[in-house]
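Spelled out, the chains give:
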Amino acid sequence: VIAAVLIGLLVNLTSPASASTSLILFTWVHTSDGMGEGNPASFPDTFAFAFSPNYATDNTIYAGTYIGVYKSTDKGLTWTNKMSLTLPAISSLSVSPADPTGNTLIAGTTDGILQTINRWDNYSGIGPDGLTISFAVFSPDYVHDHMIFAGTDGSGIRVKTDTLSWWSIDEGTIQGKITGIVFDPNYSVNHIFYVASYGYGVYKGDGGADLSSWNWTALNTGLDTANKKFVSAIAISPNFLIDRTLLIASDSVGIYKSVDAGEHWNVAYDNLAFQTLLFSPNFATDRTIYSGEVGNGVYRTTDGGTTWNQMNNGFADPVHAGSVLTLAFAPGKPTNLFAGFWGGPIGGVWQFLFPSSQVLIPLVKK
């Protein structure tokens, strides 16, 4: 359990319109107003977060849930569902790197990708038609290559640009449901990224110098049994160019770590069922990683993955705290860690507030 002592200091995180709401340091707080339905309220499964690039001034965050996209303009304290036309299940959210206004986002859904150019006031489908999209993301070099990547549930990876419609870049190589895509920090030069598959482990994709053809390598050394290849999440170290560290989570056998860019995997946490992973942006110095488990809340390591402890202060049941589907850091200070939970009375969005003196750079996660 987190060692920090709960203190009664309140930090106001809101706009003047909601200045009565505040969060307590060192504890999880349920911040899902506007999401709940019924009496007692039930809150939706929350699978993804995305932050406005101008979060420091516009306080805007988006949550992808099983009933569409919710938007908050007060740092995640209150929410409005933006899916007036449809209520699709949202698997992932991504903000365009080429739009500094933060108006352009995409969402992976059970029927293709939705795109908005006005912060979900309106949206439209952009394909690929007839496919369940388990993970959708803009290329980190989108300003140059204009690529959107769509990880599918059983049909590999599809890509489109502004001028070209969807095509396959793996030609049947990647099997299973794609649960995550992480990009090499030098992607704009080397065009390398890593793909997690539920049932088939990890793949490395290399688009070559000009993205004209793709080579694929399965990276499963150490994932030597079938259940180890049921990868539910993948994360890349912010210090990857130096430490070459990747992590994967399994919802059946725990967490595995690679320190050679996926060539070999070793156990970082045995047993338990993990669904999401998040590196501290200061991982190079603080060695901290967070993970969400099925039924037991949030775990944290501060030694790079050797030892893990629950971080569940504020939940009604600190041991069996609930099922965590996604984790993300909000930009700026004070620093907030957002958690998306499985639906029900404790579903929706939770926040954990760190002291403002702790300097962290935001890392937006699936």
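A.B. asks: Explain unusual backbone geometry to me, and be specific about the residues and the numbers.
C.D. replies: Negative phi characterises most residues that are not glycine, and trans characterises most peptide bonds. A cis geometry characterises the amide bond from Asn39 onward to Pro40, with omega recorded as 5°. Within the secondary structure, Pro40 is located in the loop between β3 (28-30) and β4 (46-51). Note the cis peptide between Gly127 and Pro128, where omega equals -10°. With respect to the secondary-structure elements, Pro128 resides in the loop between β11 (124-125) and β12 (133-138). Notably, Arg119 is not glycine yet its phi reads approximately 60°, a positive angle. For Arg119, the position within the fold is in the loop between β10 (112-116) and β11.

A.B. asks: Residues and numbers for the side chain of Thr245, please.
C.D. replies: Its place among the elements puts Thr245 in the loop between α4 (240-243) and β21 (246-250). For Thr245, the contacting residues outside a window of four places in its chain are Ala235, Ile236, Ser237, Phe240, Lys257, Ser258, Val259 and Phe279.

A.B. asks: Mind laying out the side chain of Thr27, listing which residues take part and the relevant values?
C.D. replies: With respect to the helices and strands, Thr27 occurs in the loop between β2 (22-24) and β3. Relative accessible area serves as the criterion here: at 7%, Thr27 is assigned to the buried category. One polar contact links the side chain of Thr27 to the main-chain amide nitrogen of Gly314, over a distance of 3.4 Å.

A.B. asks: Residue-level account of the sheet that holds strand β8 (residues 90-95), with values.
C.D. replies: The strand order across the open sheet built from four strands is β8-β9-β10-β11, with neighbouring strands paired in antiparallel fashion. Edge positions in the open sheet fall to β8 and β11, since each of these has one partner strand only. The sheet contact formed by β8 and strand β9 (residues 105-109) spans five bridges and is antiparallel. Paired with Ser92 across the two strands is Gly108, which belongs to β9.

A.B. asks: Outline the packing of aromatic side chains, listing residues and values.
C.D. replies: Applying the stated criterion across every chain yields a total of 28 aromatic pairs. Taking 6.5 Å as the distance between ring centres and 80° as the angle between the ring planes, the aromatic pair formed by Phe149 and Tyr187 counts as edge-to-face. Highlighted residues: Phe149 in strand β13 (residues 148-152) and Tyr187 in helix α3 (residues 187-190), separated in sequence by 38 residues. Here the aromatic cluster, defined as three or more aromatic residues joined through ring pairs, consists of Phe149, Phe183, Tyr187, Phe193, Trp214 and Trp216.

A.B. asks: Summarise the pattern of salt bridges; cite the residues concerned and give the values.
C.D. replies: Pairing is possible between side chains of opposite charge, provided their charged atoms come close. Taken as a whole and assessed by the stated rule, the structure comprises three salt bridges. Notably, a salt bridge pairs Arg119 with Asp58, separated by 3.0 Å at the nearest N-O pair. With a gap of 61 residues between them, Arg119 in the loop between β10 and β11 and Asp58 in helix α1 (residues 55-58) connect regions that are remote in the sequence. Asp58 shares its class with Arg119; the two are buried. The residue Asp121 makes a salt bridge to Lys82 at a minimum N-O spacing of 3.0 Å. Of this pair, Asp121 sits in the loop between β10 and β11 while Lys82 is found in the loop between β7 (80-81) and β8, placing the two residues 39 residues apart along the sequence. Assessed through its relative accessible area of 18%, Lys82 is described here as buried.

Quick notes on the rules
Residues numbered from 1 in each chain as written. Predicted model: local features only at pLDDT ≥ 70, side-chain atom pairs only at ≥ 80, totals over all residues. Heavy atoms only, no water. Helix = DSSP H or I, 4+ residues; strand = E, 2+ residues; numbered from the N terminus. Contact = heavy atoms within 4.5 Å. Buried < 20%, exposed > 50% of the residue type's maximum accessible area, 1.4 Å probe, protein only. Polar contact = N/O pair within 3.5 Å; in protein donor to acceptor, adjacent residues only side chain to side chain. Pairing = 2+ DSSP bridges. Phe/Tyr/Trp six-rings, centres within 6.5 Å; stacked < 30°, edge-to-face > 60°. Salt bridge = Lys/Arg side-chain N within 4 Å of Asp/Glu carboxyl O.

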